[in-house]
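# Analysis of the macromolecular model
The lines below spell out each chain.
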Amino acid sequence: MNSSTSLEPVDSFDYVIFGATGDLTMRKLLPALYRRFAEGQVPADSRIVGTARSPLDDEGYRERARQALHEHVRADELIDATVNRFLRMVHYVSLNGAESTGNWEGLKSLLVSNAAADRVRVFYLATAPDLYGDIARNVAEKGLRSESSRIVLEKPIGTDLETARKVNEGVGRYFPEGSIFRIDHYLGKEAVQNIIALRFANPMLERMWDRDSIEYVQITAAETVGLEGRGGYYDGSGALRDMIQNHLLQVLTVVAMERPVSLDADALRDEKVRVLKSLKPLDRDNLRANVARGQYVQGTAGGKPVPAYREELPGETPSNTETFVALKAEIDNARWRGVPFYLRSGKRMPEKLTEVVVQFRAGEPGLFGEARPGSRLVIRVQPNESVTLPLFVKHPGDSFGLDEVDALSRLGEPGRIRYRDSYEGLMLDAVKGSPALFVRKDETEAAWQWVTPILEGWREDENGPDTYEAGTWGPDSARELLRQAGHQWVEDIAA
Ligand SMILES: NC(=O)C1=CN([C@@H]2O[C@H](COP(=O)(O)OP(=O)(O)OC[C@H]3O[C@@H](n4cnc5c(N)ncnc54)[C@H](OP(=O)(O)O)[C@@H]3O)[C@@H](O)[C@H]2O)C=CC1
Ligand SMILES: O=C1O[C@H](COP(=O)(O)O)[C@@H](O)[C@H](O)[C@H]1O
């Protein structure tokens, strides 16, 4: 786990990125490696080798990388001399990763030159996932895989349980599970990792973390953006696959898991898998009562009019893809039986917000009149990470009136932690061979096992998603989902 603000330098390594000309590499991966280089964690004789089919040489790729850094790294973090030294580590080999012909020899000779045999090699697959198996095979068969190699897989791992298994088997044939690092960038977020500390380092909370004390949990990941030019990918995916199957279920597992025997990778992941396997199945028989889906129509974002989802798609294609999902999950175990976990995620919401709300049960009527409302612990993951837990205290003065005060912790307080993009820590964890914050094969498959029947149920439902105006909190059906249980989404409670 990332536990301190100082960054220990790692041993020199080689990072080979497949998909090196793509959006993810330019926006996230290169900036992440640059920041860690600038902070002194990455030795200057490490190498970053980009590969993709585009015909570029080292210099051509370095220019693209330079441009990407200027676009995606804050100006105050960009120092010309540091950028130049960073770019000296960057190389490019033009290659179709899925085909066995091509310049694999060139890539191999670059990797073996001036490098000790035990030097860490990370293969980062940032291409479409249906190429992962072929790339893994080529890496192995062309003799690029060494004893200290790891392979990082970007999400999505498949589009349902069957395809996820195919991806896992395809890569697993050439890399042992211990060297496969499935990335979920939500696990790289400080505030998500902090949930583990909050739960297990505070005995008071630990004792209250169950169905006796907690009425419900809400996990929201709202975005203001729409398609951002990713329509080709997104329309085949939708919010359930894009956000719920991975990021939100990962957050749920961290909120709900039993105390692991240690913070070791497998101890943590064993507990997370148990949660996923304890989720009550949702399928066509109970879908309508437990899942709401929506697609945005014209509305506003940032005070400006924005088009409908369908208008953003190339060719304005009619589409039933959901851009919003809200669902009620239940964990069928002794700790959580009967406690709803409300998960929701959507594009074109009123604000960018990722938050976990833990609603404690109300008290009995008595000393202070009517039943005291239950406390609400709010874990703000982004933006401006914080943890708030309002408490009632006596109003100063002669009477026994009450005031509500906020016990507040700002995780991102200046000097406490520097804001770090979640990719930074995860990319370096792969170098260190530290898999705790990566998703194990059985976790991915358990998540798909739960999500796939929802997709199948939707396929049989001719109604398609409900609509919601861009810039709102989703369709009415999302509110209805909670109303049935006498609950409300947190923004409605506050209103
Ligand atoms: N962009 C994002 O924010 C996120 C992306 N992801 C995932 O990361 C992966 C990459 O996404 P993104 O960067 O957006 O996609 P892009 O379409 O922008 O980039 C794809 C990259 O793959 C390369 N490529 C395609 N085919 C091959 C091939 N046969 N051999 C070698 N390289 C190939 C392309 O280069 P060329 O055409 O030159 O070969 C390009 O560099 C996807 O799995 C995506 O779902 C996950 C989370 C967020
Ligand atoms: O994986 C994805 O995540 C982003 C949201 O990530 P965040 O860190 O900004 O919350 C989402 O926009 C994208 O559609 C999805 O693929």
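An unreviewed UniProt entry annotates the protein as Glucose-6-phosphate 1-dehydrogenase of Luteibacter jiangsuensis. What the UniProt record of the protein gives under Sequence similarities (unreviewed entry) is the line "Belongs to the glucose-6-phosphate dehydrogenase family."

## Comments concerning the site of ligand 1
Contacts to ligand 1 come from 21 residues, most closely from Thr21, Asp23, Arg27, Ser54 and Asn96. One of the side-chain nitrogen or oxygen atoms of arginine 27 is found 2.5 Å away from an oxygen atom of ligand 1. In this structure, an oxygen atom belonging to ligand 1 sits 3.3 Å away from a main-chain N or O atom of lysine 155. Bound to the protein, ligand 1 loses 79% of the 890 Å² it would expose on its own. It is helix H1 (residues 23–38) that contributes the most residues to the shell around ligand 1, three residues altogether.

## Some points on the sheet that holds strand S12 (residues 340–346)
Within a sheet, adjacent strands bond to each other through the backbone by hydrogen bonds, running parallel or antiparallel. What the nine strands build is an open sheet, ordered S16-S15-S14-S13-S7-S12-S11-S8-S17; its pairing is mixed. For this open sheet the edge positions go to strand S16 (402–410) and strand S17 (466–469), each flanked by a neighbour on one side alone. Averaged over all neighbouring strand pairs, the angle between strand axes comes to 20 degrees, with direction disregarded. Each of strand S7 (214–222), strand S8 (291–297), strand S11 (324–330), S12 and S17 is contacted by helix H16 (residues 476–483), which is oriented at about 15 degrees to S11, the strand it contacts most.

## Brief notes about the pattern of salt bridges
One side chain can pair with another of opposite charge once the charged atoms of both are near each other. Taken as a whole and judged by the stated rule, the model has 37 salt bridges. Here glutamate 223 ties to lysine 352 by a salt bridge, and the two come within 3.9 Å at their closest N and O atoms. Taken together, the residues span a long stretch of sequence, with glutamate 223 in the loop between S7 and helix H9 (231–234) and lysine 352 in the loop between S12 and strand S13 (353–360) at a distance of 129 residues. Residue lysine 352 is classed as partly exposed on the basis of its relative accessible area of 39%. Salt-bridge contacts for arginine 284 lead to glutamate 460; the nearest nitrogen and oxygen are separated by 2.6 Å.

## Remarks on the site of ligand 2
Lining the immediate surroundings of ligand 2 are Lys155, His185, Tyr186, Lys189, Glu223, Arg230, Asp242, Met243, His247, Lys347, Lys352 and Gln382. Between ligand 2 and lysine 189 there is a distance of 2.6 Å, counted from an oxygen atom to a side-chain nitrogen or oxygen. In this structure, an oxygen atom belonging to ligand 2 sits 2.7 Å away from a side-chain N or O atom of histidine 247. A total of 390 Å² of accessible area belongs to ligand 2 in isolation, and the protein chains cover 82% of it.

## Section: the side chain of threonine 354
Its location among the elements puts threonine 354 in strand S13. Not counting residues up to four positions away in its chain, the partners in contact with threonine 354 are Tyr186, Thr220, Ala221, Ile379, Arg380, Val381 and Gln382.

## Examining the domain arrangement of the protein
Under the domain assignment used here, the protein contains domain 1 (13–182) and domain 2 (189–417 + 442–494). Computed over C-alpha atoms, the centres of domain 1 and domain 2 are 33 Å apart. Contacts between the two partners involve 11 residues from domain 1 and, on the opposite side, 11 residues from domain 2. When domain 1 packs against domain 2, close to 980 Å² is buried across both sides, 55% of that on carbon and sulfur atoms. The interface formed by domain 1 and domain 2 holds two salt bridges in total. Across the pair arginine 165 and glutamate 445 runs a salt bridge whose closest N-O atoms are separated by 3.8 Å. Its residues assigned to classes, the side of domain 1 that touches domain 2 shows four nonpolar, three polar and four charged.

The rules we used
Residues numbered from 1 in each chain as written. Chains lettered and ligands numbered in written order. Predicted model: local features only at pLDDT ≥ 70, side-chain atom pairs only at ≥ 80, totals over all residues. Heavy atoms only, no water. UniProt positions renumbered as here; feature names shortened; annotations may be inferred. Near = heavy atom within 4 Å. Polar contact = N/O pair within 3.5 Å; in protein donor to acceptor, adjacent residues only side chain to side chain. Areas by Shrake-Rupley, 256 points an atom, 1.4 Å probe, with all protein chains shown as cover. Helix = DSSP H or I, 4+ residues; strand = E, 2+ residues; numbered from the N terminus. Pairing = 2+ DSSP bridges. Axes fitted to C-alpha atoms, helices over the stretch in contact; angles between N-to-C directions. Contact = heavy atoms within 4.5 Å. Salt bridge = Lys/Arg side-chain N within 4 Å of Asp/Glu carboxyl O. Buried < 20%, exposed > 50% of the residue type's maximum accessible area, 1.4 Å probe, protein only. Domains from an automatic or database assignment. Buried area = accessible area lost by both parts, 1.4 Å probe. Nonpolar A, V, L, I, M, F, W, Y, C, P; charged D, E, K, R; others polar.

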